[in-house]
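Report on the structure
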Amino acid sequence: MTHVEDELNSQPACWIRAAEEAGRHRAALPDPGERVAVVGCGTSYFMAQAVAALREGSGRGETDAFAASEFPAGRSYDRVVALTRSGTTTEVLQLLAELKGRTRTTAVTADPGTPVMKAADDLVVLDYADERSVVQTRFATTALTLLRAHLGLHTGAAVTDARTALTGPLPQGLVECTQFTFLGRGWTVGLANEAGLKMREASLSWTEAYPAMEYRHGPISITTAGTATWMFGEAPDGLAEQVRATGGLWVGSGLDPLAELVRAQRLAVAVAASRGLDPDRPRHLTRSVILAP
């Protein structure tokens, strides 16, 4: 078993722990009404998109998401939350340094022995969700579970669905597809983006991701026999039928959307195996992007 397989299989246990500990981290996380930005790089940026949509959509306050390198320097926030598994990513550390003393910051990280521990004002350490694999799985979903629980939006059904996602069969013919499109709505747009990234990282697949209503505005033109379109959450009316009419494979969502992401992680590993690739050694990637000064 690869590291990434072992880590993705551990997600239900990690989610249970994160939900149980959410109350202990309350002081480090945004209060209702605060104007918040959530930042990250790569996978963490896509989790930031999901968090921002969940928080604002639940009425907790205006919330934006940015890649750390694209944070708007002139914009004012009550708090900036940085998601960083390694705690060493250059763009995140630079942003936290720029915000020091003028905007309160919180870092959610997996490694307590890294520079982010001094760079942020408040800290949440999820060391039990740290990973050996370059390809992120459990840290990302555990951080999102923690923040869902903080918002009062996590339920035990998500854990149950994650177990189902780990044990149930993947749709017939899915591994053999040559192109994958992931769709979301609201907070699940971030999950769709992350599913696409997982497929690219682990299996070198051709993938795309879009808000579901945007899919009809051009992207559906590439859908045909041998391609798959996977929806995270409830699909817009008529979209499944349109995809099937192209000859493409439609994958609907019957699970909690975060559990659907676990299924997509499994797909990435399965496609990698079918192509003779090692998902623990993705091409051109490292566990953290650390830029030379």
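Scroll up for the structure.
All values derive from a computational prediction rather than experimental measurement.

Conventions adopted
- Residues numbered from 1 in each chain as written.
- Predicted model: local features only at pLDDT ≥ 70, side-chain atom pairs only at ≥ 80, totals over all residues.
- Heavy atoms only, no water.
- Helix = DSSP H or I, 4+ residues; strand = E, 2+ residues; numbered from the N terminus.
- Expected span 1.5 Å × (residues − 1).
- Buried < 20%, exposed > 50% of the residue type's maximum accessible area, 1.4 Å probe, protein only.
- Contact = heavy atoms within 4.5 Å.
- Phe/Tyr/Trp six-rings, centres within 6.5 Å; stacked < 30°, edge-to-face > 60°.

1. With respect to helix H3 (residues 43-57)
- An ideal rise of 1.5 Å per residue puts 21 Å on 15 residues; H3 measures up with 21 Å between its terminal C-alpha atoms.
- Along H3, the residues classified as buried are Thr43, Ser44, Phe46, Met47, Ala48, Ala50, Val51, Ala52, Leu54 and Arg55.
- In this structure, the buried residues of H3 make contact with strand E1 (36-40), strand E2 (63-67), strand E3 (79-84), helix H6 (138-150), helix H8 (188-203) and helix H10 (257-274).
- Phi for glycine 59, located one or two positions after H3, is positive at around 80°.

2. Concerning the packing of aromatic side chains
- Taken as a whole, this structure holds seven aromatic pairs when the rule is applied.
- Taken together, a centroid distance of 5.7 Å and an interplanar angle of 80° make the contact between phenylalanine 66 and phenylalanine 71 edge-to-face.
- On the accessibility criterion, phenylalanine 66 (14% relative accessible area) is buried.
- Arranged with centres 6.4 Å apart and planes meeting at 70°, the rings of phenylalanine 66 and tyrosine 77 form a pair that is edge-to-face. Note that phenylalanine 66 is positioned in strand E2 and tyrosine 77 in the loop between E2 and E3, a separation of eleven residues in sequence.
- An aromatic cluster is defined as three or more aromatic residues linked by ring pairs; in this entry it consists of Phe66, Phe71 and Tyr77.

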